[in-house]
Amino acid sequence: MSTRRQARECSLQMLYTVDNCNMPIEAVYRCFDEYYPHGEPYRIFAVKIFKGVCGKKAEIDSLIAKYAKNWELERMAAVDRNIIRLAAYEIIDMPETPINVIIDEAVEISKKYSTKDSSKFVNGILDKLKAARQ
């Protein structure tokens, strides 16, 4: 597994915990910091995505709502919602990463952590959302 994939999966787990378990962001980060090995190359990228999504959650959610026609964020599966959030953050705030790579990674992560139909759902929303990149 690539370092970036590992980071994205780790970020997803942290985002899911904040979103689904209502844990404070800093408490989730402290758990991550304590239990994930220091010195691992994926740590910096995982934290960057996690804190980036948390810091821009309102903006990201608004953007997702704009492109997710007929889907309220609250009705989306929590895993799918957070996969889309982390990919949306990368699309709007990390122009050095090609959009197709971001979408492919999100689709593959959804295949691993969500239902068999989630990859199509995630791909469909992110395909529309890529227009948000400046």
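Only a predicted model underlies this, so the values are computations on that prediction, with no experimental measurement involved.

Reading guide: rules and limits
- Residues numbered from 1 in each chain as written.
- Predicted model: local features only at pLDDT ≥ 70, side-chain atom pairs only at ≥ 80, totals over all residues.
- Heavy atoms only, no water.
- Helix = DSSP H or I, 4+ residues; strand = E, 2+ residues; numbered from the N terminus.
- Expected span 1.5 Å × (residues − 1).
- Buried < 20%, exposed > 50% of the residue type's maximum accessible area, 1.4 Å probe, protein only.
- Contact = heavy atoms within 4.5 Å.
- Core = buried A, V, L, I, M, F, W, Y, C linked by side-chain atoms within 4.5 Å.
- Axes fitted to C-alpha atoms, helices over the stretch in contact; angles between N-to-C directions.
- Parallel < 35°, antiparallel > 145°, perpendicular 65-115°, else oblique.
- Left-handed = near helix turned anticlockwise from the far one by under 90°.
- Nonpolar A, V, L, I, M, F, W, Y, C, P; charged D, E, K, R; others polar.

## What to know about helix H3 (residues 42-55)
Next, step 1: With 14 residues, H3 should cover 20 Å at 1.5 Å per step; its first-to-last C-alpha distance of 20 Å lies within 8% of that length.
Next, step 2: Burial analysis of H3 places 10 of its 14 residues in the buried class, which makes it a mostly covered element.
Next, step 3: For H3, the set of buried residues is Tyr42, Arg43, Phe45, Ala46, Val47, Ile49, Phe50, Gly52, Val53 and Cys54.
Next, step 4: In this fold, the buried residues of H3 make contact with helix H1 (3-21), helix H2 (25-35), helix H4 (57-67) and helix H5 (78-93).

## Quick notes on the environment of Asp117
Next, step 1: Structurally, the position occupied by Asp117 is in the loop between helix H6 (99-113) and helix H7 (118-129).
Next, step 2: When its relative accessible area of 45% is taken as the criterion, Asp117 is described as partly exposed.
Next, step 3: Here the alpha-carbon distance between Asp117 and Ile92, two residues 25 residues apart in the chain, equals 25 Å.

## So, unusual backbone geometry
Next, step 1: In the Ramachandran plot, Asn22 falls in the positive-phi region, its phi being about 55° despite a non-glycine side chain.
Next, step 2: Here Asn22 is to be found in the loop between H1 and H2.
Next, step 3: Phi angles above zero are rare outside glycine, and Asn70 is one such case at about 65°.
Next, step 4: Within the secondary structure, Asn70 is located in the loop between H4 and H5.
Next, step 5: The class for Asn70 is exposed, based on a relative accessible area of 75%.

## Observations concerning the nonpolar core
Next, step 1: Counting residues in hydrophobic clusters, the biggest one holds 44 residues, and the most contacted among them are Ile64, Met76, Ile84 and Leu126.
Next, step 2: Of all the elements in the fold, those that place two or more residues in this core are H1, H2, H3, H4, H5, H6 and H7.
Next, step 3: Once you skip the residues sitting within four places of it in the chain, Ile64 turns out to touch Leu73, Met76, Ile84, Arg85, Ala88 and Leu129.

## Observations concerning the packing of H5 against H6
To describe two helices that pack against each other, one gives the angle between their axes and the distance between the axes.
Next, step 1: Where H5 meets H6, the axes come as close as 10 Å, and the angle between the chain directions of the two elements is 165°. With respect to H6, the element H5 is oriented roughly antiparallel. Note on packing geometry: the crossing formed by H5 with H6 is right-handed. Where H5 abuts H6, its residues Val79, Ile83, Ala87, Glu90 and Ile91 lie against Ile102, Ala106, Ile109, Ser110 and Tyr113.
Next, step 2: Partitioned by chemical class, the residues of the contact of H5 with H6 number 8 nonpolar, 1 polar and 1 charged.

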